[in-house]
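So the chains spell out like this:
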Amino acid sequence: QVQVVESGGGLVQAGGSLRLSCTASGRIYSINIMGWYRQAPGKQRELVASITNGGSTTYADSVKGRFTISRDNAKKTVYLQMSDLKPEDTAVYYCAVEIRSAVILPYRDYWGQGTQVTVSS
């Protein structure tokens, strides 16, 4: 079995910073793309940032220059450093990881349970 667990959410004032972490564990043969999504009340879930196993990154336009995604392959962990936070960044943040549990199996997405980020004005 595979588990994906996020941590690091919380309440912060506008202009502040937070760092989210997400670690995958269990039956893992290899990990491909790791990413962060968010969902605000009444809105659809959206991609915030993603990173390939080679280190290539993608960001939503709304977070470019403020958020940085990184990963530690040895720890099977992805991070999201969030700076200059704005009230519109308030959402539940989810981690998604593409994992292959065995060499003969295809990659599939595993999701964390989500962590709340609240930015007060």
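Look a little higher up for the structure.
Everything in this summary refers to the structure shown in the same document. In this text the structure is predicted, and so the values were computed from the model without any measurement.

In this structure, Glu 46 sits in strand E5 (residues 46-51). Given the relative accessible area of 35%, Glu 46 is considered partly exposed. Note: C-alpha distance between Glu 46 and Lys 64 (18 residues apart in sequence) is 14 Å. The residues touching Glu 46, leaving out its near neighbours within four places in the chain, are Trp 36, Tyr 37 and Arg 38.

In strand E1 (residues 2-7), alternate side chains face the same way, and those of Val 2, Val 4 and Glu 6 are buried while those of Gln 3, Val 5 and Ser 7 on the opposite face are not. Judged from the six bridges that link them, E1 and strand E3 (residues 18-26) form a sheet pairing that is antiparallel. Bridge pairing in E3 places Val 2 opposite Gly 26.

The four strands lie next to each other as E1-E3-E8-E7, forming an open sheet whose pairing is antiparallel. Strands at the two margins of the open sheet, each flanked by one partner only, are E1 and strand E7 (67-72). The mean inter-strand angle of the sheet, taken between neighbouring strand axes irrespective of direction, is 15°. Direction of pairing for E7 relative to strand E8 (residues 77-82): antiparallel, over a ladder of six bridges. Within the sheet, the bridge partner assigned to Ser 70 lies in E8 and is Tyr 79.

Turning next to the nonpolar core. Among the nonpolar cores identified, the biggest contains 31 residues, and Trp 36, Leu 80, Met 82 and Tyr 93 are the most heavily contacted of them. At five residues, the largest contribution of residues to this core is made by strand E9 (residues 91-100).

What follows deals with the state of the cysteines. Tallied over the entire structure, the rule returns one disulfide. Paired by a disulfide, Cys 22 and Cys 95 hold their sulfur atoms 2.0 Å apart. Disulfide Cys 22-Cys 95: the torsion about the S-S bond is -80°, which places it as left-handed. Of the two residues, Cys 22 is situated in strand E3 and Cys 95 in strand E9; the sequence distance between them amounts to 73 residues. Note on accessibility: Cys 22 and Cys 95 belong to one class, buried.

As a further point, take the packing of aromatic side chains. How two aromatic rings sit relative to each other is set out by the distance from centre to centre and by the angle between their planes. Counting across every chain of the model gives one aromatic pair. On the numbers, 4.9 Å between centres and 55° between planes, the contact of Tyr 37 with Trp 111 is tilted. Of the two residues, Tyr 37 is situated in strand E4 (residues 30-39) and Trp 111 in strand E10 (residues 108-111); the sequence distance between them amounts to 74 residues. Overall, the relative accessible area of 26% leaves Tyr 37 in the partly exposed class. Trp 111 sits in the partly exposed class, given a relative accessible area of 36%.

Below, the discussion takes up the environment of Arg 66. Within the secondary structure, Arg 66 sits in the loop between strand E6 (57-59) and E7. If we ignore the near neighbours within four places in the chain, the residues touching Arg 66 are Gln 81, Met 82, Ser 83, Asp 84, Leu 85, Lys 86 and Asp 89. Here Ser 62 takes part through its backbone oxygen, which lies 2.8 Å from a polar atom of the side chain of Arg 66.

Reading the values: the criteria
Residues numbered from 1 in each chain as written. Predicted model: local features only at pLDDT ≥ 70, side-chain atom pairs only at ≥ 80, totals over all residues. Heavy atoms only, no water. Helix = DSSP H or I, 4+ residues; strand = E, 2+ residues; numbered from the N terminus. Buried < 20%, exposed > 50% of the residue type's maximum accessible area, 1.4 Å probe, protein only. Contact = heavy atoms within 4.5 Å. Pairing = 2+ DSSP bridges. Axes fitted to C-alpha atoms, helices over the stretch in contact; angles between N-to-C directions. Core = buried A, V, L, I, M, F, W, Y, C linked by side-chain atoms within 4.5 Å. Disulfide = S-S within 2.5 Å. Phe/Tyr/Trp six-rings, centres within 6.5 Å; stacked < 30°, edge-to-face > 60°. Polar contact = N/O pair within 3.5 Å; in protein donor to acceptor, adjacent residues only side chain to side chain.

Worth remembering: the numbers are spatial, not functional.
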